[in-house]
Amino acid sequence: MTGESATLIPLSAVPPAMVEDLLDRAFGEGRHARTAYRIRAGMEALDALSFAALDEEEMLVATIQCWPVALVTPDGRPVPLVMVGPVAVLPERQGEGFGKGLMAAMLNAEARLAGGTGASFPQVLIGDEDYYGRWGFTNAHTKGWRCPGPYEQERLLARGAALAAMPAEGMLGPWPGQARDTD
């Protein structure tokens, strides 16, 4: 990360309007139409796995959010997953290592929550395997998974020890019964 002086804080410590501004700058104002937003619709981000990066001047430069979602099998059974993303970095600060630092922080927090037992939910994201593969994300287990909207199948990536036990087919969406009313 640029300078070893970046500070990671819980995302919940950042005013939501600042996070939204950063996301608009990183992904554009049309970002809400993306498929990832449909998958996690109405869910609250997981505080323990969502972080913000501040630069040496304590300015917000990047965020990572994680969400409780489900892979709903063809017979209607929901199987829990954690959706990673967005990983957002201000355009003028990309390439400085903030995204890598946030991914490492999230995975370290996830490992602490698992308590060394390895008992954690698989993680899923829509992204480039060339980038996310360094953390074990692959599309090897997601070929039969579907999303509620347009996406490129090869960009649907997952990681985690429990992937071997995941259903081969299903539709990704919010965790049933936990979505907040967004209207």
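Our structure's up above, just so we're on the same page.
Residues numbered from 1 in each chain as written. Predicted model: local features only at pLDDT ≥ 70, side-chain atom pairs only at ≥ 80, totals over all residues. Heavy atoms only, no water.

Chemist: Just give me the short version of the overall build of the chain, but keep the residues and values in it.
Modeler: Across its full length, the chain carries four helices and eight strands. For the chain, the sequential pattern of α-helices and β-strands runs β-α-α-β-β-β-α-β-α-β-β-β. Taking 2.2 N^0.38 as the reference for a compact globule, 183 residues should give roughly 16 Å; the C-alpha atoms of the chain span a radius of gyration of 16 Å, in line with that estimate. Here the C-alpha coordinates of the chain stretch approximately 50 × 40 × 30 Å along the principal axes. A total of 183 residues make up the chain; the buried ones form 44% of that total. (Helix = DSSP H or I, 4+ residues; strand = E, 2+ residues; numbered from the N terminus. Rg over C-alpha atoms; globule rule 2.2 N^0.38 Å. Buried < 20%, exposed > 50% of the residue type's maximum accessible area, 1.4 Å probe, protein only.)

Chemist: Tell me about the nonpolar core, and name the residues and values.
Modeler: In terms of nonpolar packing, the biggest core is built from 35 residues, with Ile64, Val84, Met103, Met106, Tyr132 and Phe137 touching the most fellow members. Contributions of two or more residues to this core are made by helix 1 (16-27), strand 2 (51-54), strand 3 (60-72), strand 4 (78-89) and helix 3 (98-114). Of the residues forming this core, the biggest block, seven residues, is contributed by helix 3. When neighbours within four sequence positions are excluded, Met103 is seen to be in contact with Ile64, Val84, Val87, Tyr132, Trp135 and Phe137. Core analysis: the second largest hydrophobic core is formed by 17 residues, Val69, Leu71, Leu156 and Leu172 among them. (Core = buried A, V, L, I, M, F, W, Y, C linked by side-chain atoms within 4.5 Å. Contact = heavy atoms within 4.5 Å.)

Chemist: Can you break down the pattern of salt bridges residue by residue, with the values?
Modeler: Applying the stated criterion to the full structure yields seven salt bridges. The partner of Asp55 in a salt bridge is Arg93, with the nearest N and O atoms 2.8 Å apart. In this pair, Asp55 sits in the loop between strand 2 and strand 3 while Arg93 sits in the loop between strand 4 and helix 3, placing the two residues 38 residues apart along the sequence. A relative accessible area of 13% means that Arg93 is categorised as buried. Of the charged contacts in the structure, one is a salt bridge between Arg155 and Asp128, with a shortest N-O distance of 3.0 Å. (Salt bridge = Lys/Arg side-chain N within 4 Å of Asp/Glu carboxyl O.)

Chemist: Break down the side chain of Gln65 for me, with residues and values.
Modeler: Checked against the element boundaries, Gln65 lands in strand 3. Excluding anything up to four places from it in sequence, Gln65 contacts Leu11, Val19, Leu23, Ser50, Met83, Val84, Gly85 and Pro86.

Chemist: Tell me what's going on with the pairing of strand 2, and back it up with residues and numbers.
Modeler: Of the two faces of strand 2, both are covered, the one formed by Phe51 and Ala53 as well as the one formed by Ala52 and Leu54. As judged from the four bridges shared by strand 1 (residues 7-10) and strand 2, these two strands associate in the antiparallel manner. Pairing of Leu8 across the sheet is with Ala53, part of strand 2. By the bridge criterion, four bridges tie strand 2 to strand 3 in an arrangement that is antiparallel. Bridge pairing in strand 3 links Leu54 to Leu60. Here strand 2 folds back onto strand 3, and the loop between the two strands holds five residues, one of which, Glu58, carries a positive phi near 60 degrees. (Pairing = 2+ DSSP bridges.)

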